[in-house]
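Structure at a glance
Listed below, chain by chain, are the residues.
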Amino acid sequence: DAKTTQPNSMESNEEEPVHLPCNHSTISGTDYIHWYRQLPSQGPEYVIHGLTSNVNNRMASLAIAEDRKSSTLILHRATLRDAAVYYCILRDSNAGGTSYGKLTFGQGTILTVHP
Amino acid sequence: KAGVTQTPRYLIKTRGQQVTLSCSPISGHRSVSWYQQTPGQGLQFLFEYFSETQRNKGNFPGRFSGRQFSNSRSEMNVSTLELGDSALYLCASLYDAGVAHNEQFFGPGTRLTVL
């Protein structure tokens, strides 16, 4: 899997927007960009994914650079419950079925949200 | 729909013993993956089972093994426990629709402590 680079940590204030960056300069044309987060004492949970176009869901937005070498996860109004480790992961759609159940996690970004 | 369940949630063992952890995936999900999470190495993929067959395997010694039953429930076993096996073991299930970008659903994990 192609490598991603994320800042080790970021801080935000409650009810402010948060932009979590991810660099993936070696991304291939068939790589999907996925984001997962892990709240304290819980397993990771899916947040959002995209291929080329920006994506929105009830949890967040994903902004993908035109050259796809970077992306940004946007939390529009951070809450205390959004304090977690956020992981940016690439998934190759050409890798075949044997890879569907494997996620390659990096170190992620620790997001701290201040009241 | 019930989520992924793992039992037990906490376990304490001594060096040299063996341990079996259990995971029940979301109903209808035939893929079950296992991950090890430690402070030093982060989240690492152990293996994935799909329709009772191991479909993918991470870089772990043969002491780590698993199996999947016809009802998709999975177990993982660690034999001859070492202190370094102390970790959070996470199970994830996936609805394999033949695409690479389906989300994985994680359980709460089993916290294993080896003394």
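Residues numbered from 1 in each chain as written. Chains lettered and ligands numbered in written order. Predicted model: local features only at pLDDT ≥ 70, side-chain atom pairs only at ≥ 80, totals over all residues. Heavy atoms only, no water.

1. Focus on the interface of chain B and chain A
Contact residues are listed per partner, giving 24 residues for chain B and 21 residues for chain A. Between chain B and chain A we count 0 salt bridges in total. Linking chain B to chain A there are 6 residue pairs in polar contact (both at pLDDT 80 or more). Going through the elements one at a time, β4 (31-38), β5 (42-50), β6 (53-57), β9 (87-94) and β10 (104-106) of chain B are the ones with two or more residues in the side of chain B that touches chain A. (Contact = heavy atoms within 4.5 Å. Salt bridge = Lys/Arg side-chain N within 4 Å of Asp/Glu carboxyl O. Polar contact = N/O pair within 3.5 Å; in protein donor to acceptor, adjacent residues only side chain to side chain. Helix = DSSP H or I, 4+ residues; strand = E, 2+ residues; numbered from the N terminus.)

2. Let's talk about the packing of aromatic side chains
Any pair of aromatic rings gets described here by the distance separating the centres and the angle formed by the planes. Summed over all chains, the structure comprises 10 aromatic pairs over all chains. Ring geometry for Phe105(A) and Tyr35(B): centres 5.8 Å apart, planes at 85°, overall edge-to-face. Note that Phe105(A) is positioned in the loop between β8 (84-92) and β9 (109-114) and Tyr35(B) in strand β4, a pairing that runs across two chains. Note on accessibility: Phe105(A) and Tyr35(B) belong to one class, buried. Here Phe105(A) and Phe106(B) contribute two aromatic rings whose centre-to-centre distance is 6.1 Å and whose plane-to-plane angle is 70°, an arrangement assigned as edge-to-face. In this pair, Phe105(A) is assigned in the loop between β8 and β9 and Phe106(B) in strand β10, connecting two distinct chains. With relative accessibility at 10%, the residue Phe105(A) sits in the buried group. By relative accessible area, which is 12% here, Phe106(B) ends up buried. Linked through ring pairs, Tyr36(A), Tyr46(A), Tyr87(A), Phe105(A), Tyr35(B), Phe45(B) and Phe106(B) together constitute an aromatic cluster. (Phe/Tyr/Trp six-rings, centres within 6.5 Å; stacked < 30°, edge-to-face > 60°. Buried < 20%, exposed > 50% of the residue type's maximum accessible area, 1.4 Å probe, protein only.)

3. Comments concerning the side chain of Arg63(B)
Residue and element names in this part refer to chain B. The residue Arg-63 is located in the loop between β6 and β7 (64-68) in this model. Look at Arg-63 and you get buried, because its relative accessible area is 17%. Side-chain polar atoms of Arg-63 contact the backbone oxygen of Thr-80, separated by 3.2 Å. Among the polar contacts made by the side chain of Arg-63, one reaches the side chain of Asp-85 at a distance of 2.8 Å. The residues touching Arg-63, leaving out its near neighbours within four places in the chain, are Asn-77, Val-78, Ser-79, Thr-80, Leu-81, Glu-82 and Asp-85.

4. Regarding the side chain of Asn77(B)
Residue and element names in this part refer to chain B. Along the chain, Asn-77 falls in strand β8 (residues 74-78). For Asn-77, a relative accessible area of 16% puts it in the buried group. At a separation of 3.3 Å, a polar atom in the side chain of Asn-77 contacts the main-chain carbonyl oxygen of Val-19. Among residues more than four places away in sequence, those in contact with Asn-77 are Gln-18, Val-19, Thr-20, Arg-63, Phe-64 and Ser-65.

5. A short note on the state of the cysteines
Tallying each qualifying case throughout the model produces 2 disulfides over all chains. Each sulfur in the disulfide pair Cys22(A) and Cys88(A) lies 2.1 Å from the other. Classification of the bridge connecting Cys22(A) and Cys88(A) rests on its S-S torsion, roughly -85°, and on that basis the disulfide is left-handed. With a gap of 66 residues between them, Cys22(A) in strand β2 (residues 18-23) and Cys88(A) in strand β8 connect regions that are remote in the sequence. With a relative accessible area of 1%, Cys22(A) lands in the buried category. In this structure Cys88(A) comes out as buried when scored by relative accessible area, which is 1%. Residue pairing for Cys23(B): its cysteine sulfur links by disulfide to Cys91(B), the two sulfurs lying 1.7 Å apart. Sign of the S-S torsion, about -50° for the bond between Cys23(B) and Cys91(B), identifies this disulfide as left-handed. Separated by 68 residues along the polypeptide, Cys23(B) in strand β3 (residues 19-24) and Cys91(B) in strand β9 bring together distant segments of the chain. When sorted by exposure, Cys23(B) lands in the same class as Cys91(B), which is buried. (Disulfide = S-S within 2.5 Å.)

Everything listed here is a matter of coordinates, which is why it stays silent on function.
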